[in-house]
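# Chain and residue survey
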Amino acid sequence: MKLTSLRSVTEKREKELNKLNIFDVESLVRYYPRAYLDLTSRVSVRDVFHNDTALVACRLTAVEPVRYTGRVKYIRAFLEQNGDVFTAIWFNMPYLATRLKEGEYLFYGRVQNKYGQVTLVNPTFEPLDKNRRLKGLIPVYPLRGTLTQRALRDCISQALKVEKITSAIPEELQKKYRLSSLSEAIFQIHAPDSQKSVEKSAERIAIEEYFTLISAFRLIKGDKNEARLRKYSVTREDVRTFLTRFPFPLTKGQSDAVEAIYQNVTSPVRMNRLLQGDVGSGKTAVALTGIFMAVKSGYQAVYLSPTEVLAAQNAALLQKTFPEYKVGYLSGALSAKEKREVKQAVARGEIDVLCGTHAVLQGDVLFSNLAFCVCDEQHRFGVAQRNILSEKGDGVDVLVMSATPIPRTLSLIFYGDLDVTTIPDKPKMRQEVSTSVIPQYKYDDMLEYIRKETGAGKQAYFVCSKIDDDEGQVTSVTELYEELQSRLPTVRFALLHGRMKEKEKAEIMSSFKKKEYDCLVATTVIEVGIDVPDATIMVIYNAERFGLSQLHQLRGRVGRGSEKSYCFLLVGTETESAMERLSVLKHTTDGFRLAEKDLELRGGGDFLGTRQSGRFLTEIKNLKYPTECIFTAKKLSDEAFERGLGREEIRIAAMKKYESLKDVVLN
Ligand code: ADP
Ligand code: MG
C-alpha cells in the first residue's frame, strides 16, 4: 500500500519517510523503535549524573542562533525546571532552530554534568501539551532529517489501523510451536502496555525477521548449480610438494583446511566455501594452495582483494609463489591500454592467475578457463557481489575468506549458502599484544612514550572513528593529524583516510612500510589486512564507538614482528557498558570469543556496515536472547522447507527481504 494513502502522509512527508528507507505502509509498520520513554520516570535536574540518560519535564525559555565551532554547527537552548537553569545542545541539526519555541517540553537525552553545569546533548523532545495525555511507554524511533518523533508516531498509528499484517511462517508451524500473533506483536512494539510486553513482542518479531532472512539465503543457494563441471587432475603428492615452497610448516588448522579444499575440488560437488580464521591465522597460504590445485590442473584462478593496497600486496606474493605460472594484475590504477592488454591475455588464457580488486568483477573481464576464485576479506563485498563472482565462469569453485570471526549463529544466516571451514589455531611464536585503556590524564605520557619509541625506529598507528558522525564530537582525522604534528614536531606523520584516491592510499602505505613515516594517522581504512611488521603501537581514539571485533581487527595490525607490541585505547565517553566491553578486549585475544561477546552486548547490527543496517538486525532492539531467536527461526525454516509448507508466501517475503539487504556489507 502506498504511503500517501495514509491521511497524514503528504508528499513532503513521504520523502522524509523514504530517507528512513520506508517506501510503503508495510515497511512503515515494520520500522521499530530504538527505545522507550517511561513517562513515569521523569527526573529532577538536581538528581542527574554525568552520562545518565534522563527524561526531564521543563520550560524552554530561550534559543540561541546557530553557531559554529570549526566545521560543526550547533544550537543551544536554555531550560528551566523549578528554578534550576540548564541547557540543551544539538550538533549539526540547524533545522531545529525553527522548531524550538518557548514553552513546556519533555526532553530526553544524555546528560553532561561538568562542574555542576547540566547540559543535555542531542536530546529528543516533545512539546508538553496539556490537552494530550501521553500513555505510559512512548516509543522513540531512530530518526534522520527533519521528521519529528511525533509525526512518525502519528503515521505509524494510522498505518497500524489499515495494514493487514501477515506472518511468512506457515500457520501450521506457528500453531505447533505456539508462536504468538505477529500483528499483535507489531502493534505492541509501537504502543506497548508494559516493558514485559515490549520484550515478548520483540522476540516474536525477531523470529519472524530471522525466519525470512534465513529462508532468503536458502532460496538463493537453491538456485545455483551445484554440480562440478571441471575435474581437477592435481594429486595429493603434487600438493605436498607445493607446500614445501612456504618457509614454514602449516599449522594443524591450515592443513585441515587444505585437505577440505582438496576433497571438495576432487569431488563431484562444486565448492562454495567460507574460510574463517582469526587475523594472522595464515589464510593466505591456504588460498594459495587452492589456487595451485587449479592451475596445476590446467585451469585459471582469480584472487580478489577488497582494496588496491591489498591487491598489490597479494599480486607480489602470487608472483613469488608461482614463478612457473603467469600472474596478471588488474587494478583501477592501470592505464586504459594496460587494462586492455591484461584483459586480452586473460581471455586468451595466457594468464593463469589474475589478481585484482572488485574491478575484476566487471562484465568485460572474460576468462577462457576459470575454475577457482578466491575472495579475500569477503565481508567487504556485498552479498550480491558474491553471486556475480560465481557467475564469472560455469561452475567456478569459490573460496571466500573472512578475517572477522562471526558467531556461528550469524554465519548460519549470512553464509547459509556456504560450507564453512574454520582455522582455529595460529602459528606459534606470536607475541600477545598488550592492551590498555588510557585515561585522559595519561594522554600526554602516552604521546611522550610514542615520541621516544618512534625515535628508536618503531612505528605507530593512530586510528579514529568515521569522519561523518552526527554527534559532531568525533575528533576528525585531519584535525587529529594536525594536532599530533604540532605536538610532536620531530615525528614524521602521514595521513590516510577513505576519501583519498586508491592510488594515493597505496603510495602512502608503501612509504609507511619503507619507514619514510613514523606514524600513520588513519580512519579504519587500515583495518583490512595491512601488514607492516615494524609497527608496534596502535592507538585507537573513541574506542567505545567500535565493536569488539573491529577493535580486535585493528589490534591485529600490530604484533606481527618479533617485537613486543601495544594497543592503547582512548575513550571519549566513559560509560559503564563501554568500559565493560573494553575490558573484555583487554583480557581476550580470541577473535571468536570476542565476536560472540559482541553479539551478546550489542546485537547483530555490529557485524554490518552502517549503510543499511537500520533496515536489518539492529532494527530489533530490546532483544534479550537474540541467539535463541535465531535458532528458533532456523528450526522453523528447516521444517518449512523440508515439508514444503507455505512455499509461495515464504518466497515472496524472502525475496523482498533479500532486495532490501543486497548491499549489506559485513563489518
Ligand atoms: P591472515 O589469516 O590474517 O590473512 P596471513 O595469511 O596474512 O594471515 O598470515 C599472516 C602471517 O603469518 C604472514 O606473514 C604469513 O607468512 C605467516 N604465516 C602463515 N602461516 C604460517 C605458519 N604456518 N607458520 C608461520 N608463519 C605463518
Ligand atoms: Mg589476510
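Just above sits the structure.
A brief report on the enclosed structure follows. Keep in mind the model is a prediction, meaning the values are calculated, not measured.

All right, on to the sheet that holds strand 14 (residues 397-402) then. The parallel open sheet is built from seven strands, whose spatial order is 11-12-10-13-14-9-15. Both edges of this open sheet fall to strand 11 (327-330) and strand 15 (419-423), since each of them pairs with a single strand only. When the angles between neighbouring strand axes are averaged without regard to direction, this sheet yields 20°. The sheet contact formed by strand 11 and strand 12 (residues 353-356) spans four bridges and is parallel. When the bridges of strand 12 are listed, Tyr-329 appears paired with Cys-355. Contacts from helix 10 (residues 308-321) reach strand 10 (300-304), strand 11 and strand 12 within the one sheet, and its direction differs from that of strand 11 by about 170°. Most of the contacts of helix 11 (residues 336-347) go to strand 11, to which it runs at about 140°, and overall it touches strand 10, strand 11 and strand 12.

Another point: the packing of helix 10 against helix 16 (residues 502-513). Interaxial distance between helix 10 and helix 16 falls to 8 Å at its minimum, and their mutual angle equals 55°. Taken as axis vectors, helix 10 and helix 16 run oblique relative to one another. Here Glu-308, Val-309 and Gln-313 of helix 10 come into contact with helix 16, specifically with Glu-502, Lys-505, Ala-506, Met-509 and Lys-513. Across the contact of helix 10 with helix 16, the residue classes break down as three nonpolar, one polar and four charged.

Below, the discussion takes up the sheet that holds strand 18 (residues 493-496). Across the sheet, which stays open at both edges, the six strands sit in the order 16-21-20-17-19-18 with parallel pairing between neighbours. Both edges of this open sheet fall to strand 16 (434-438) and strand 18, since each of them pairs with a single strand only. Neighbour to neighbour, the strand axes of the sheet diverge by 20° on average, direction disregarded. Sheet analysis places strand 17 (residues 459-463) next to strand 19 (residues 519-522), joined by four bridges and oriented parallel. In the sheet register, Ala-460 faces strand 19, and the bridge partner there is Cys-519. The sheet strands contacting helix 15 (residues 477-487) are strand 17, strand 18 and strand 19, and the helix crosses strand 18 at an angle near 180°. Packing against the sheet, helix 16 makes contact with strand 17, strand 18 and strand 19, and its axis sits at approximately 150° to strand 18.

A word on the pattern of salt bridges. Tallying each qualifying case throughout the model produces 32 salt bridges. Between Arg-13 and Glu-16 there is a salt bridge; the shortest N-O distance is 3.8 Å. Placement of both Arg-13 and Glu-16 in helix 1 (residues 11-18) is noted, with a separation of three residues, approximately one turn of the helix. Relative accessible area serves as the criterion here: at 24%, Arg-13 is assigned to the partly exposed category. By relative accessible area, which is 9% here, Glu-16 ends up buried. For Asp-256, the salt bridge is made with Lys-252, and the minimal N-O distance between the two is 2.8 Å. Here Asp-256 pairs with Lys-252, and both are found in helix 8 (residues 252-265), just four residues apart, close to one helical turn.

Turning our eyes to something else, we now look at unusual backbone geometry. The phi torsion at Asn-21 lies on the positive side, around 65°, for a residue other than glycine. With respect to the helices, strands and loops of the structure, Asn-21 is situated in the loop between helix 1 and helix 2 (25-29). Asn-21 gets classed as partly exposed once you look at its relative accessible area, which sits at 26%. Here Asn-82, not a glycine, exhibits a phi torsion of approximately 45°, which is positive. On the secondary structure map, Asn-82 appears in the loop between strand 4 (72-81) and strand 5 (84-91). Under the relative-accessibility criterion, Asn-82 is labelled exposed at 72%.

On to the side chain of Gln-81. In this fold, Gln-81 is placed in strand 4. For Gln-81, the side chain forms a polar contact with the main-chain nitrogen of Val-45, separated by 2.8 Å. Apart from the residues within four sequence positions on either side, Gln-81 is in contact with Val-43, Ser-44, Val-45, Val-56, Ala-57, Cys-58 and Phe-86.

Quick look at the pairing of strand 6 (residues 103-114) now. The buried fraction of strand 6 is high, at nine of 12 residues. Of the strand pairs in this sheet, strand 6 and strand 7 (residues 117-127) are connected by nine bridges, and their pairing is antiparallel. Counterpart to Arg-110 in the pairing with strand 7 is Val-121. Counting the residues that bridge the hairpin from strand 6 to strand 7 gives two residues, and of these Tyr-115 lies at a positive phi of roughly 50°.

What follows concerns the packing of helix 8 against helix 9 (residues 283-296). At their nearest, the axes of helix 8 and helix 9 sit 10 Å apart, and the two run at 25° to each other. Between helix 8 and helix 9, the crossing angle belongs to the class labelled roughly parallel. The interaxial crossing formed by helix 8 with helix 9 has right-handed handedness. The segment helix 8 lies against helix 9, with Gln-254, Ala-257, Val-258, Ile-261, Tyr-262 and Val-265 engaging Ala-285, Val-286, Thr-289, Gly-290 and Met-293. Residues of the contact of helix 8 with helix 9, tallied by class, amount to eight nonpolar, three polar and no charged.

Moving on, we come to the environment of Pro-489. Mapping Pro-489 onto the fold places it in the loop between helix 15 and strand 18. With 38 residues separating them along the chain, Pro-489 and Arg-451 place their C-alpha atoms 9.5 Å apart.

Cut-off values and rules
Residues numbered from 1 in each chain as written. Chains lettered and ligands numbered in written order. Predicted model: local features only at pLDDT ≥ 70, side-chain atom pairs only at ≥ 80, totals over all residues. Heavy atoms only, no water. Pairing = 2+ DSSP bridges. Helix = DSSP H or I, 4+ residues; strand = E, 2+ residues; numbered from the N terminus. Axes fitted to C-alpha atoms, helices over the stretch in contact; angles between N-to-C directions. Contact = heavy atoms within 4.5 Å. Parallel < 35°, antiparallel > 145°, perpendicular 65-115°, else oblique. Nonpolar A, V, L, I, M, F, W, Y, C, P; charged D, E, K, R; others polar. Salt bridge = Lys/Arg side-chain N within 4 Å of Asp/Glu carboxyl O. Buried < 20%, exposed > 50% of the residue type's maximum accessible area, 1.4 Å probe, protein only. Polar contact = N/O pair within 3.5 Å; in protein donor to acceptor, adjacent residues only side chain to side chain. Left-handed = near helix turned anticlockwise from the far one by under 90°.

As far as function goes, none of this settles anything; it's purely spatial.
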